[in-house]
Amino acid sequence: MFANTQRRGRIVGGLAIAAVAALALSACSGGGDTGDGGDSGDGASTLTMWSRAATQIQSQAFVDTYNAKGGDQIELTIIPTDDYQAKVGAAAGSKSLPDLFASDVVFVPNYTSQGLYLDITDRIDALPFAADLAQSHIETGTWEGAKYVVPHTMDLSVLFYNKDLYTQAGLDPEKPPTTLAEFDEQARAVDALGGDISGTYFGGNCGGCMVFTGFPWIWGAGGEVMNDEGTESLLASDDAKEFYSVYRGLAADGIAGPGTPDETGATWVAPFPEGTIGVMPMPSTMLGSMPENTGVAPIPGIDGGESTFVGGDAIGISATSKNADAAWKFLEWTLGDEAQIDVLAKNNDVVARTDLAVNEYSEKDPRVVTINEVAGKGKTPYSLNFGAAFNDPNGPWLVLFRNAVLGDGSSIDADNDALTAVLGG
């Protein structure tokens, strides 16, 4: 977790700078409704909300359930994921943001640092379950000591392993890897079955894939991938180099399935459900499409421990909303027991509260409990320049990873310096 909330850095993200000043005047803690344009005529408010397509199922479920209760209504607009940042930027420039808008949590710092969200520190802290919320989302949405967002949807990276293949390979199907070395050993044991079976698979040409599934190996060992300000890369550390070394061996020895070096992420999660992969880290949201006899485990650290990349979306109230109280009422409801259990848990989605990790639905599948519980041990990276550094297919992280894992690893230090140059702006 990132404890330092006094973060500074160059503002990026393509949002109009002129919009910052216009929006900042609205960004004060506890702002109430102005009553303009949001009243439906019966005392209830009609609120606008944006969400990206990647989280449409969960967002729509929240909105439909809330609207069915009567009273305030939410008008949800789903925006194509690839267009989302540009859409928010244009709306910020024209001061036409919706009352509520969600964001991929790694891009939240761009919005908080530019004053696009309302300060909701007091509202969050007053929640009786505030300490049980996914703190990685809260911390990533904290700017200069103030809190601006709450968790909306959760997506975690976890290990999936095929118990049938483990049994065939002479492995104990109830003992998944607890170290990076065991991951390597077990993948190799399954791969030895031959035929179309591979030990593992990964996105060798997908920066986002390897952020999501690679960073937890380092975090679980107690290491960090960046400094607290997100301006310096630490991905030339001994732990990072050990991670690269093991993956280099898996690729070089053919333990990783065919297509691994060229995998851009488009088909990254497809091979495992076909029953031909032994063990690999993937998004927790894939659980529903997995074969019945699939095991789930936390991603371990290099020599033990465990962690996860806490992804998904966070959500806040726009700084220009004229219906802040009604908007908070909706957000508070989404975090309550009813929404977390009957909307998320009922559909096998990860809950945003650690105190609800074990519930009437997760108890039916211990794998869901495992996923829910590891959420409290994970992290969300914080950097204003995260997208340019790590998600850009032409960015420095993918260069570092490919040179380290698919090359000879001789340029790790220099490639790490190039990554720092982008992070620091």
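Just above sits the structure.
Anyway, here's the lowdown on the structure attached to this text. All of these numbers come straight from a predicted model, not from anything done at the bench.

**Quick notes on the state of the cysteines**
Evaluation of the coordinates by the stated rule reveals one disulfide. In this model, cysteine 206 is linked to cysteine 209 through a disulfide, with the two sulfur atoms separated by 2.2 Å. Looking down the S-S bond of the cysteine 206 and cysteine 209 bridge, the torsion is 75°, so its handedness is right-handed. Comparing cysteine 206 with cysteine 209 shows no difference in burial state: the two are buried.

**Topic: the side chain of lysine 379**
Relative to the assigned elements, lysine 379 resides in the loop between α13 (366-374) and α14 (386-391). In this structure lysine 379 comes out as buried when scored by relative accessible area, which is 12%. Within the local environment of lysine 379, its side chain forms a polar contact with the side chain of glutamate 224, the two groups lying 2.5 Å apart.

**With respect to unusual backbone geometry**
Residue lysine 95 is not a glycine yet carries a positive backbone phi of 55°. Structurally, lysine 95 is set in the loop between α3 (84-93) and β3 (100-104). The phi angle at asparagine 348 is positive, at roughly 60°, despite the residue not being glycine.

**Notes on the pairing of strand β1 (residues 46-52)**
Among the seven residues of β1, five are classified as buried, and the element is accordingly described as predominantly covered. Bridge analysis of β1 against strand β2 (residues 73-79) gives seven bridges, and the strand direction is parallel. Looking at β2, one finds that tryptophan 50 is bridged to threonine 77. Each parallel crossover has a hand, and for β1 linked through helix α2 (residues 56-68) to β2 it is right-handed. In this structure, β1 lies alongside β3, joined through two bridges in parallel fashion. Directly across from methionine 49, in β3, lies its bridge partner leucine 100.

Reading the values: rules and limits
Residues numbered from 1 in each chain as written. Predicted model: local features only at pLDDT ≥ 70, side-chain atom pairs only at ≥ 80, totals over all residues. Heavy atoms only, no water. Disulfide = S-S within 2.5 Å. Buried < 20%, exposed > 50% of the residue type's maximum accessible area, 1.4 Å probe, protein only. Helix = DSSP H or I, 4+ residues; strand = E, 2+ residues; numbered from the N terminus. Polar contact = N/O pair within 3.5 Å; in protein donor to acceptor, adjacent residues only side chain to side chain. Pairing = 2+ DSSP bridges. Right-handed = clockwise from strand over helix to strand, strands pointing away.

Fair warning: the whole summary comes from geometry, so function is off the table for now.
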